Amino acid sequence: MHLIKNDNPAAPLLAGAKWSFVTRRVRRGAAIQLDTDLTSVTAGDLVLAEVRSLGSHKRLQLSDGRFSALFPRDRVVLACADRFAEDQFEGIAALSPEGADLLAGGGVIGHMQSRNGKMKNPTQLSVIGRLADAEGRVLNVGHFALDASSGQAPHRVIGVLGTGMNAGKTAAAAGLVNGFARFGNRVAAIKATGTGSFGDVHQYEAAGAALTLDFTDAGLASTFRQPVAHLDQVTRTLLSATAGCDIAIVELADGVSQVETAELLHRPDYRALFDAFVLAAPGAMAARGALGWLAEVGVTPMALTGLMTQAPLAVQEASALGLPVLAREDLSDPATASSLHALLSVQAAEGVA
């Protein structure tokens with residue numbers, strides 16, 4: 001550990017720095033020193049960096065919910081973390097004196113391992129140091145998390161799954177939030193896994209969620225490569241924090257076969273947290289494949305949704321799979337919320353898992 005010490009050496013370097021979305025729970029006054037040792041980085045460590053050259057990400061999501069354009073020499077506060085995004089970057093939580101990459105616009109820094117061919121190279125950063133407190137402890141987003149809890153969850157919990165990225169999961173989750181809110185429920189919206197970004201939270205809020213939370217509230221900038229037992233606890237903690245709501249809508253990132261999502265869904269105790277699931281898909285064939293995979297772990301979604309609902313022919317094809325196919329407009333209808341409540345009550349009475 002190599003600390004830059006004086007009364008508050010971090011203050012002049014942090015002056016004017018842009019704090020990213022994933023740092024939104026961080027108590028900024030805790031950052032007193034800078035640790036320039038980059039050899040023992042842990043996922044979630046807070047990093048002060050400087051923009052060296054702009055690449056794919058030309059703006060940053062700020063902790064106050066705004067976007068900020070990025071410029072060379074901007075100082076930014078980010079969190080080192082892994083990233084999984086088939087349509088953007090795969091990256092690992094690592095730093096180097098030679099530099100690092102902006103892996104996600106929500107504020108994830110690390111080293112890119114691979115990128116989608118449609119993407120430009122990532123924005124390049126120079127690492128100034130990791131933020132540390134007065135005792136020299138490197139600050140981590142986990143230090144500012146909600147207390148871990150496995151207390152009471154809302155009466156109803158619906159999970160939103162997808163066949164992959166960009167299947168329409170967040171739109172479906174927002175539709176469900178809106179429908180239940182218009183029905184008169186106090187609705188919590190949770191993003192349980194993924195990479196820190198305010199886009200999902202903003203959609204939930206716009207849909208009428210009374211409370212919005214994501215894994216950054218539980219101390220993670222990204223859930224990729226995190227132990228599945230920890231991700232299980234993260235979901236339980238977030239559900240416990242929404243106990244005052246009538247229903248929670250919980251979105252899981254990426255597709256059902258993504259490594260962490262798959263491992264979670266293979267756990268009976270994790271599946272038992274949910275009363276039901278909906279599955280978002282871009283088309284009927286993708287839905288068919290995902291339904292087959294889910295059947296292997298004992299999950300039958302109560303409805304299909306997603307991007308395919310924009311195409312009547314795709315809806316017609318998906319209807320042959322034997323499940324209701326609901327567009328976001330259907331999910332936003334209070335009548336649908338009423339029907340789903342009734343269905344869940346029947347399932348509960350019959351003891352359906």
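Here the structure is shown first, and the text comes after it.
Predicted model, so just to flag it, every value in this text is computed and none were measured.

Enquirer: Help me out: how do you make sense of the overall build of the protein chain in this one?
Expert: The number of helices and strands found in the protein chain is 10 helices and 18 strands. By the compact-globule yardstick of 20 Å for 353 residues, the protein chain fits well, its C-alpha radius of gyration being 21 Å. Judged by the C-alpha coordinates and their principal axes, the protein chain covers about 65 × 45 × 35 Å. Counting over 353 residues, the protein chain shows a buried share of 56%. When the accessible area of the protein chain is evaluated, it comes to approximately 14,400 Å², of which 50% is carbon and sulfur surface. Side chains of the protein chain carry 29 positive and 34 negative charges; the gap between the two charge centres is 5 Å.

Enquirer: Help me understand the pattern of salt bridges in this model?
Expert: Pairs may arise between side chains of opposite charge once their charged atoms sit close together. For the structure shown, the criterion picks out 15 salt bridges. Between Arg 130 and Asp 35 there is a salt bridge, and its shortest N-O distance comes to 3.4 Å. Here Asp 35 lies in strand E3 (residues 33–35) and Arg 130 lies in strand E12 (residues 124–132), a separation of 95 residues in the sequence. When its relative accessible area of 3% is taken as the criterion, Arg 130 is described as buried. Residue classification places Asp 35 among the buried positions, given a relative accessible area of 0%. Residue Asp 64 is joined to Arg 66 by a salt bridge in which the shortest nitrogen-to-oxygen separation is 2.8 Å. Residues joined in a network through salt bridges with shared partners are Arg 24, Arg 25, Asp 214 and Asp 217.

Enquirer: What should I look at first to understand the pairing of strand E11 (residues 108–115) in this one?
Expert: A regular strand places its side chains so that they alternate between the two faces of the sheet. Here two bridges tie strand E7 (residues 75–80) to E11, and the two strands are oriented parallel to one another. Counted as the bridge partner of Cys 80 is Ile 109 from E11. Here strand E9 (residues 89–92) runs beside E11; their pairing, made up of four bridges, is antiparallel. Bridge pairing in E11 links Glu 90 to Ser 114. As defined by bridge partners, strand E10 (residues 100–104) adjoins E11 across three bridges and the pair is classed as antiparallel. From the neighbouring strand, Ala 104 faces E11, where its bridge partner is Val 108. Here E10 folds back onto E11, and the loop between the two strands holds three residues, one of which, Gly 107, carries a positive phi near 115°.

Enquirer: What's the story with the nonpolar core in this structure? I'm lost.
Expert: Most often, soluble globular proteins keep nonpolar side chains buried together rather than apart. One finds Leu 161, Val 250, Leu 265, Leu 294, Leu 304 and Met 308 to be the most contacted residues of the largest nonpolar core, which totals 42 residues. Residue assignment for this core shows that the elements contributing at least two residues are strand E13 (156–162), strand E14 (187–191), helix H4 (228–241), strand E16 (247–251), helix H5 (259–265), strand E17 (276–280), helix H7 (284–296) and helix H8 (312–319). For this core, the element with the highest residue contribution is H7, accounting for six residues. Leave out the neighbours within four places in its chain, and Leu 304 touches Leu 279, Ala 287, Leu 291, Ala 318, Leu 321, Leu 323, Pro 324, Val 325 and Leu 326. By size, the runner-up hydrophobic cluster in this structure holds 26 residues, among which are Val 22, Leu 46, Ala 104 and Phe 144.

Enquirer: Explanation requested: the packing of helix H2 (residues 169–183) against helix H10 (residues 334–350) in the structure shown.
Expert: For any two helices packed against each other, the geometry is given by the interaxial angle and the distance between the axes. Direction vectors running N to C along H2 and H10 enclose 90°, while the axes themselves pass 7 Å from each other. As the angle between them shows, H2 and H10 are arranged roughly perpendicular. Contacts between H2 and H10 involve Leu 176, Gly 179, Phe 180, Arg 182 and Phe 183 on the former and, on the latter, Pro 334, Ala 337, Ser 338, Leu 340 and His 341. For the contact of H2 with H10, the per-class residue count stands at six nonpolar, three polar and one charged.

Quick notes on the rules
Residue positions within a chain follow its written sequence, with the count starting from 1. Predicted model: local features are reported for residues with pLDDT of at least 70 only, side-chain atom pairs are reported and counted for 80 or more only, and whole-chain, interface and lining totals are derived from all residues. No hydrogens and no water enter the side-chain calculation; it runs on all heavy atoms of the structure. The way it works is that DSSP assigns letters per residue, a run of H or I at least four long becomes a helix, a run of E at least two long becomes a strand, and they are numbered from the N terminus. Based on C-alpha atoms, the radius of gyration is set beside the globule rule, defined as 2.2 Å times the residue count to the power 0.38. Relative accessibility thresholds used throughout: buried, under 20% of the residue-type maximum; exposed, over 50%; partly exposed, between the two (1.4 Å probe, protein chains only). Areas reported as accessible are Shrake-Rupley estimates using a 1.4 Å probe. Residue values count occlusion only from the protein chains shown. Charged residues are defined here as Lys and Arg on the positive side and Asp and Glu on the negative side; His and the ends of the chain fall outside this count. A single reference atom marks each charge: NZ on Lys, CZ on Arg, CG on Asp, CD on Glu. Note on definitions: salt bridges are taken to be side-chain nitrogens of Lys or Arg within 4 Å of carboxyl oxygens of Asp or Glu. Pairing between strands is defined by DSSP: at least two bridges between them are needed. Each nonpolar core is a collection of buried residues, namely Ala, Val, Leu, Ile, Met, Phe, Trp, Tyr and Cys, held together in the definition by side-chain atoms within 4.5 Å. Should any heavy atoms of two residues lie within 4.5 Å, those residues are considered in contact. Each axis is a line fitted through C-alpha atoms, taken for helices only over the stretch in contact, and angles between the N-to-C directions span 0 to 180 degrees. For this classification, under 35 degrees means roughly parallel, over 145 means roughly antiparallel, 65 to 115 means roughly perpendicular, and everything else is oblique. Polar here means any residue outside two lists: the nonpolar Ala, Val, Leu, Ile, Met, Phe, Trp, Tyr, Cys and Pro, and the charged Asp, Glu, Lys and Arg; Gly therefore counts as polar.

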